[in-house]
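# Structural overview
Each chain, letter by letter, is given below.
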Amino acid sequence: MPGSSSCASLMLRVTRASILIVFLYATVCSAQAGLWLDGGKSIRLFNRDMKINIVFREDPTLRAAGVGIIASLALADGADNLKDLPRVSLNFDEDGSLVVSQSSVIDDAPVDATPSSTSVTSSSSKLIVSSSACFLSAIGSTIVVFLSFKPTQSKIFLFCIAFIVFLQFSASAQTTAKPQLEINLEITYGPGHVFDDVWISLASGSIKGAKLNAQSLRMSMCAESTEPTTIDLDWVHVGRIARFCANSNVSIDQVTLISYPSDVEIVSTQQVASASIVSPLEGKLMVFSETGKIFASGFSCPTTTGSGFVTAECPSNKTAYYSDSDLLLSAANNSARVSAHRDAVISFGVPSVPPPTANYTIDDPDQYIPPPPAPVSPPRSAPVGAPKPGSPVSSPKAAPASAPKAASPTSPPRAAPVSAPSRAPLTPPPQVVYVPPPLSVSSTFFASELVRLPKPDPALDPNPRGSNCPHLESGIRNWHDAAIWPGGTVPSPSTSWITIPAGMKVMISSNSLQSATYNFISVPVGSELIFNEEDITLNVKGIKVEGRLRIGSDLCRLTSRVAINFFGDKSSADDLGQTTGTKGIAVYPSGSIDMHGYQYHPSWTRLAATVTAGSDTIRLQDRVNWEVGQRIVITTSAYVDEGAGHQNEVRTIAAMVDASTIKLDSPLTFSHFGGLEYQTEVGLLSRRITLAGNPADSDATSFGGHLHIRGTGRVSGTEFKRMGQFNILGRYPIHFHMLADSAAQQSYSRDNSIWNSFFRCVAIHASKNIRVLRNVAYDVIGHCYYLEDGVEENNSFMFNLGAFVKSIGGYHVKGAGQGGTTVYQSAAAINPVDYASGPFYITNAYNTFVGNAASGGWAGYSLPNLPKPIGPSRGISFCPECRPTLQFDGNTAHSNGWHWDFGACFYVGGKLTEDATGQLTYFTGRTQRTTKLSDGSKFPLKFRNIKGAKCQMGFNHWGDRPEVEYYECHDCYQAGQFFHDAWVSKALINAKSSNPVPFGKICRGFQFYDTVSKMLITNTTFRNFRDDPNISHPYSDTTALIGMTHSDVFKPGSIAATRNLRFENSDFSARVGIGAGSKGSSWYYNIIDWDGSIAGSPGEPFIIGSATYNWYNYNPTACKKVVTNNWWYCPKGIHEISQLYIWIPNLTYEGYNTDNTATIVGSIKLWGRGLDASSWVPFTKQNAIAGVSNLGWYVFVNNGAPKNMTLGAALLPKGHSIYFATRYPSGTTFTINGYSSSSSTSNPTAYTRVSSLSEVWNGDGFKFFFDNTHLYIKFLNPKNDGSVLERDGARVYLPDGEIGYTSRFWRTVIQANCASSTAYCSVTDVYP
């Protein structure tokens, strides 16, 4: 159902007359917009199973008469449209389960919708239905309904299922008792998805025992009744938020919620006899009663028996509280506090040990702040910083630029072109105070509040072994068998080249090798070198593989320990041949390598709780099979991650307390954060197979071993240490080099660790379809996961960790402003991009990046612009920077970008070019890209489910059409800056996380640009944005939305719009910040608030405008001013943002000019009914002026009335006008013509003089009126076609349907003839 806003919901309704009918209605449907956390109106299932199990156990006085089902299914085909499934198959299994699945049977026979009284056995009931009602006979006193569906088509990524189940019961004639009903509902369709709203409706009767088991992100269950009744409920909920409510007729005898690890709300308009929560982790219980009578049994903990009050065993941040006029219970350690309004009645159930009364007090009622009147709403705090009606918020942060005093009217106001409606003063709503929920443990996703951060499948890879093991194959000869070698002698280590005999499989065992260092080994075509499953150490200078090198297989992972150590001094020699260098393994195109060590899974995870300095135990989010004695890395959670002061810590596992708790060999030196907002990664560095550079000849020269693959390479479960050769092209720990497609499709790097690398970690060069999965990289010089030439496509980087990535120069380049830095290829850097190294370097976006984590580096993910391929691929006619993302989903970054003002966790910018001689130049700063599909059509660069933390910027994108959906940013200097037609939706921007180690910088939200770069923000939450009264400028304060106001050259038109924003624990004034400056961009800045969520008037659109002058006070009875951060907010009404150019010869600039002095040449005042000369703004030699349409604009030029003046409409939306007025002396005559471009003088449209204002206002825009004081024109743009950029109901108008200034431009040229010898007619400023 495209555009549907329906969500997953269930309704259970019990009524009683002559029969009892239970009606269950459930829908699970996906809307085009996807999952939005606040609304919970849709889900995405990602090809997961969905199972719903409903068990109804009847009262003994009842018998089941029938069950009816209405079902329909729809599938998405990968595009935006949905396709109905023609049929759904329903049949009973032997256990009484009703199975619903896609059917290949087509049955067009009509379905009887009449309840059947005939008994039908479960095995014989089979129906084919399509949006029709059918009834199945009862199957006994217990009715079980089981529905299962799993998409099978690879393109299907959404589906909708809607079904209604009718259960019909007939009461026994011998009883008049009210029926009792037990309901057991189990829902599973992938942990972390949304399934809300369980309603139990009672016309009469009661529910004796209701049980609900649910696995979901959040769920609500509400009971309502038309007459007094009672309910008790046992609810087991796996998710984050569980909420129970009841209306005034429902008394709650007992509600018990076992939560993993939910926040729970129990809300009732009647008394609550008993309410409790049991949570193995952290959570909160809210109890609410409108009547003020609450009977709470306390807050139970796993370590506490009975229903006593909170004891010392409970986590100190566990709280049980109510948020209204009556009760607040919070507990920490062994004390508790109750706060209530003086008139409240507070009563508790009898605890096992009565608490000391000294711990309980009644607050002074003067401290009480009543919340909004919503009896079943979640708790709300008092408004934070909201302005009182009729008054500004606070003192200004910066004084506006000095402005000339507005002239007083010298004549009565003329008839207004538009009536400005009056309205009551606005008061912004209260803010939501946010309490961070605890971590939710899931095998599918990492803990996260909004975005979905997928984990790899928790199951180990298939490992059947047996016949799949190379060392168990037949026909193998032993290395130590002298008979196989020439001369009958086993080769000694001193042999310069040892060549495996032709066509032979030779196996190395634990007794085959000497401990001395071998020189070079060659495996020719047709031969194989196999390692036995024994502990083996090979010291060697290099191995050349033209045949096969096999250490286990993908279906036979070895459990033994194999070490290959590479020896050799730094050298430029190609000992391994064909430019493959020395000191490593070279796999030729004819060859293959298989290395498969024991699988440790997962290879990395995240902390489940914060660990402080001095701790020697960490708790993980996953159960791991890691071992005592292995080395791990706990990544930094600091902002700066560079040099000797970095805070990454390597430790050895001293003990596995349990599968997810590790005791370290020594205490940690630093704190590492593990809150819900973000968590430090923990990576396993040790493996049973190791490839390593010899320390003695590797460390001093940064010249380790390398693995160079040009054939087929399958490498898993292997540790690469001291590998890579510093600043040598192609000498990387794992290097897939220009593989043939057939070899690339079989190749991968999986479950490996790369650490202490001298150059990169995993590089893919001019190859496609290679898989890089579940690797851990730490302490790496140069870009780590690396796409080399820009032609690499369809490769997969999934579930990899990159951490502590260092620049090739020892420090990362910085740069000044947007210009960044330009660096060049040299002997010190074979590729200058390595001066700005980071974990992921992506020269071509058309690859898959899913579930990766980037810690440290210049940027977590760098997407530089390459206009054409480089290196060996330079001759290919291709544009790497033009390619869209194939898939970028579930990736995170932290501790990035601190090096310069525009550094970021996710960075799309910079430019790498290659000249005719092959020399590379890298410019780090602002460079624009336009992404396109292969057919040349423009297409967005899309990012989903991404999270940034502790970065300079969360996301910096210089390019066209970025789209970011599901985005979290915590503790970043700025959440994001986007260029050209950007859209961010479903985001959570948190200025201050619960990390006890402060970020140390102010945090801002999004900064809008200052000119044609448009940006839409929808469905986004801003949290913890609080004004600092000691900071004088909003740019330097914690502000959610910021206008760019430094320029007079670039001035905003209609470029910024928002819809459905939410502000939690944030000052009202901090929602927007528009710097009060001396440039035009500061004077004209504006934002369209399409639903009033910024202004605090939900459902009504507003225009937010600069308050440097009163230009945006266009409705004085309704507009309000926020002085603190310099903005007006006014009801939008019939107005749109418009932009007018005023060209006056030798006074204002007609084209682009770099003059940024902001020389004022005149003023513009709004005029019309209800307005006066105080709503005004200057204009400068840079002639662009933005304001609101459908109002009068009175223009006065300081030099006098110009004899020649051109009005240009770069942006004047279709159907909108500006009622233009300007001064001329009496007797002036005019010639006025309109032109359809900015420069052409052909085919003019002549304007006609009329005799009244009304003829102008009601005319077609080609008339003017002169009353001997003012010239009036209804200025419009007949060329504008109403094109917009729109997403989620937020839109801005485009001047020409694309980015640009003049292609749909309309200009009106005014030529005035007056008695003056100069270019100006002498006039005084007279307000219309």
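You'll find the structure just up there.
Our focus in this paragraph is the sheet that holds strand β38 (residues 617-619). Each strand in a sheet pairs with another by means of backbone hydrogen bonds, the pair being arranged parallel or else antiparallel. One open sheet accounts for six strands, arranged β37-β42-β39-β40-β41-β38; its pairing is antiparallel. Looking along the sheet, the strands with just one partner apiece sit at the ends: β37 (604-606) and β38. Looking at each pair of strands side by side, their axes are set apart by 35 degrees on average, direction ignored. Bridging between β38 and strand β41 (residues 661-664) involves three bridges; their strand directions are antiparallel. Note on β41: the bridge partner recorded for I618 is I662.

Turning to the sheet that holds strand β86 (residues 1218-1223), a few remarks are in order. If you trace the seven strands from one edge of the open sheet to the other, you get β81-β80-β83-β86-β91-β90-β89, paired in mixed fashion. Looking along the sheet, the strands with just one partner apiece sit at the ends: β81 (1176-1180) and β89 (1248-1249). Where strand β80 (residues 1160-1167) lies against β81, five bridges are found, and the strand directions are antiparallel. By the bridge assignment for β81, I1164 is matched with V1177.

Before going further, it helps to spend a moment on the nonpolar core. In this structure, W479, F531, I585, Y967, F1006 and L1041 are the most contacted members of the largest nonpolar core, which totals 113 residues. If one sorts the elements of this core by residue count, strand β32 (residues 536-545) sits on top with five residues. Excluding its chain neighbours within four sequence positions, the residues that come into contact with L1041 are F1006, F1008, I1017, F1022, T1058, L1061, R1071, V1072, G1073, I1087 and I1094. Counting 77 residues, the second largest nonpolar core, distinct from the first, contains Y1084, I1164, F1179 and V1323.

Enumeration according to the criterion identifies 39 salt bridges in this entry. As a salt-bridge pair, D594 and R714 come within 2.8 Å of each other at their nearest N and O atoms. Pair noted here: D594 is in strand β36 (residues 592-596) and R714 is in strand β45 (residues 712-716), with a separation of 120 residues, a long-range link. Summarising the burial analysis for this pair, D594 and R714 share the class buried. One connected set of salt bridges, linked through shared partners, spans D461, R557, R750, D751 and R774.

What follows covers the side chain of Q679. Among the structural elements, Q679 can be located in the loop between β41 and β42 (681-684). Residue Q679 is classed as buried on the basis of its relative accessible area, which comes to 4%. Within the local environment of Q679, its side chain forms a polar contact with the backbone oxygen of G675, the two atoms lying 2.8 Å apart. A distance of 3.2 Å separates a polar side-chain atom of Q679 from the backbone oxygen of L676. With residues near it in sequence (within four places) discarded, Q679 still touches L439, A447, R606, L607, Q621, F673 and G674.

Attention shifts here to the packing of aromatic side chains. Enumeration over the complete set of coordinates arrives at 58 aromatic pairs. Residues W858 and W900 carry aromatic rings whose centres are separated by 5.9 Å and whose planes lie at 15 degrees to one another, so their mutual orientation is stacked. With W858 in the loop between β59 (853-855) and β60 (861-865) and W900 in the loop between β62 (892-894) and β63 (904-914), this pair connects stretches of sequence that are 42 residues apart. There is no split in this pair, since W858 and W900 are both buried. Ring geometry for F1022 versus F1063: centroids 5.5 Å apart, planes at 15 degrees, classification stacked. Pair noted here: F1022 is in strand β71 (residues 1015-1023) and F1063 is in strand β73 (residues 1056-1064), with a separation of 41 residues, a long-range link. F1063 gets classed as buried once you look at its relative accessible area, which sits at 5%. A cation over an aromatic ring shows up here: R710 above the ring of Y588, its NZ or CZ 4.7 Å from the ring centre.

Let us look at the environment of G1053. If you trace the backbone, G1053 turns up in the loop between β72 (1041-1043) and β73. By relative accessible area, G1053 is classed as buried at 5%. A C-alpha to C-alpha distance of 5.5 Å links G1053 and A1186, two positions 133 residues apart in sequence. With residues up to four places along the chain from it excluded, the contact list for G1053 reads N1086, I1137, Q1139, A1186 and L1211.

Here is what the cut-offs are and how they apply
- For every chain, the first residue of its written sequence is number 1, and the numbers climb from 1 along that sequence.
- The predicted origin of the model limits local features to residues at a pLDDT of at least 70 and limits the giving and counting of side-chain atom pairs to 80 or more, whereas totals for whole chains, interfaces and linings rest on all residues.
- With hydrogens and water excluded, all non-hydrogen atoms of the structure serve as input to the side-chain values.
- The pairing criterion for strands is at least two bridges between them, as found by DSSP.
- Each helix corresponds to a stretch of at least 4 residues labelled H or I by DSSP, and each strand to a stretch of at least 2 residues labelled E; elements are numbered beginning at the N terminus.
- Note on method: axes are straight lines fitted to C-alpha atoms, helices fitted across the in-contact stretch only, with angles between N-to-C directions ranging 0 to 180 degrees.
- Grouping buried Ala, Val, Leu, Ile, Met, Phe, Trp, Tyr and Cys residues that are joined through side-chain atoms within 4.5 Å yields what is termed a nonpolar core.
- Exposure is judged per residue with a 1.4 Å probe applied to protein chains only, and the accessible area is read against the type maximum: over 50% gives exposed, under 20% gives buried, and values in between give partly exposed.
- In what follows, a contact means two residues having at least one pair of non-hydrogen atoms within 4.5 Å.
- Salt-bridge detection follows one rule: a side-chain nitrogen of Lys or Arg within 4 Å of a carboxyl oxygen of Asp or Glu.
- The definition of a polar contact used here is a pair of N or O atoms within 3.5 Å, where within protein one atom must be able to donate a hydrogen and the other to accept one, and adjacent residues in sequence count solely through side-chain atom pairs.
- Centre distance within 6.5 Å is the pairing criterion for rings of Phe, Tyr and Trp, where only the six-membered ring of Trp is used; planes under 30 degrees apart are then read as stacked, over 60 as edge-to-face, and the remainder as tilted.
- By definition here, charges over rings are those cases where NZ of Lys or CZ of Arg is within 6 Å of the ring centre and within 35 degrees of the ring normal.

By themselves these figures say nothing about function.
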